[in-house]
Each structure stands twice: as structure tokens, then as C-alpha cells.
Amino acid sequence: MATARASASVNTSAKVVAVNITDEVRRALRAAALRQGIAVVSAPHTTCSVCVNEDEAGLKDDLTRMAALLTAAVEPQGGFRHDRIDNNARAHLTAVLVGSSATVPIVDGELALGTWQSVFLLEMDGPRTRTVTMTFLGD
Ligand code: ZN
């Protein structure tokens, strides 16, 4: 079994935004030249996430609103404690809920995504330059 790693920089344009990074992952997979296996896409950050979903404008907007709603549901009276440090507890908590990585099968040298699936970096504390790491395992 072979292993390959790659990384890409992703500039996010807003405080909360979903960025389609599927092309970056496909480029890195081509360079890795694996035919069968898995791709693990992760973000080494604590206030953004990686997820797989549909690249549709309304849904991307819904994703950003979901981030606000999820954290509003658990906000304690008096606010989040972490906000006393750098005022971004919602971003951290959403990152915990959505997760920092996504795993995608590799079949015949391609990402085995469904017709409507794309890989996203979900920014929750931008705008920033983020790093996405890709680990490919297989043959
Ligand atoms: Zn923080």
C-alpha cells in the first residue's frame, strides 16, 4: 500500500463561507497517482471544517446559517466562556460539530463522489488563508 500527502492553501472571503475544494483534491490525487484507496481531506485548524455536500448556492448559504443556528441552540446564559479570550466560540463549536476531516473513496484513480457531492472547506472565522491537507492511502 502506498501513501501520499499534499496540501493546498485556501483563501476564504468571508467570516462564514463554504468553499468548494474538490478541484484541489482531484489535482493532488492525480499527482499521487493512486488507483484504489481512500482520500482523507482535513483542515489543521480549530475554527473551520471539511465536509462533503452539494455545491448549490442556496445550500451553501444554508450551511453558513446552520453554523449560527447550531451554536445558538447550545449558548449558555451569559455567553460562551471562550468568547472572553478571542470572541470566536461559535466557530470552534461548529468545527467540533461538523468535524475537521472527510474521507472519500478512490476508485479507478478518481474521487468516488456522488453526482451531487463536492468537498467543502467550511470557514467559520474568516476571512483567512487556510491549509487543507490531503492524505491518500492505497495502490
Ligand atoms: Zn478561539
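The rules behind these values
- Residues numbered from 1 in each chain as written.
- Predicted model: local features only at pLDDT ≥ 70, side-chain atom pairs only at ≥ 80, totals over all residues.
- Heavy atoms only, no water.
- Helix = DSSP H or I, 4+ residues; strand = E, 2+ residues; numbered from the N terminus.
- Axes fitted to C-alpha atoms, helices over the stretch in contact; angles between N-to-C directions.
- Parallel < 35°, antiparallel > 145°, perpendicular 65-115°, else oblique.
- Contact = heavy atoms within 4.5 Å.
- Nonpolar A, V, L, I, M, F, W, Y, C, P; charged D, E, K, R; others polar.
- Salt bridge = Lys/Arg side-chain N within 4 Å of Asp/Glu carboxyl O.
- Buried < 20%, exposed > 50% of the residue type's maximum accessible area, 1.4 Å probe, protein only.

1. What about the environment of Val-25?
Within the secondary structure, Val-25 is located in helix α1 (residues 22-32). Spatially, the C-alpha atom of Val-25 lies 8.2 Å from that of Val-119, the residues being 94 residues apart in sequence.

2. Overview of the packing of helix α2 (residues 57-74) against helix α4 (residues 89-98)
With their axes 9 Å apart at the nearest point, α2 and α4 run at an angle of 100° to one another. Considering their axes alone, α2 and α4 lie roughly perpendicular with respect to each other. Here Met-66, Ala-67, Ala-68, Leu-70, Thr-71 and Ala-72 of α2 come into contact with α4, specifically with Arg-90, Leu-93, Thr-94, Leu-97 and Val-98. Considering only residue class, the contact of α2 with α4 consists of eight nonpolar, two polar and one charged.

3. A short note on the pattern of salt bridges
Once the charged atoms of two side chains with opposite charge are near each other, the side chains can pair. Applying the stated rule across the entire model yields seven salt bridges. For Lys-60, the salt bridge identified is with Asp-55, shortest N-O distance 3.0 Å. The partly exposed category is assigned to Lys-60, whose relative accessible area is 25%. Across the salt bridge formed by Arg-130 and Glu-123, the nearest N and O atoms sit 2.7 Å from each other. Taking the relative accessible area as the measure of exposure, Arg-130 reaches 2% and is therefore buried. Members of the salt-bridge network, linked through shared partners, are Lys-15, Asp-125 and Arg-128.

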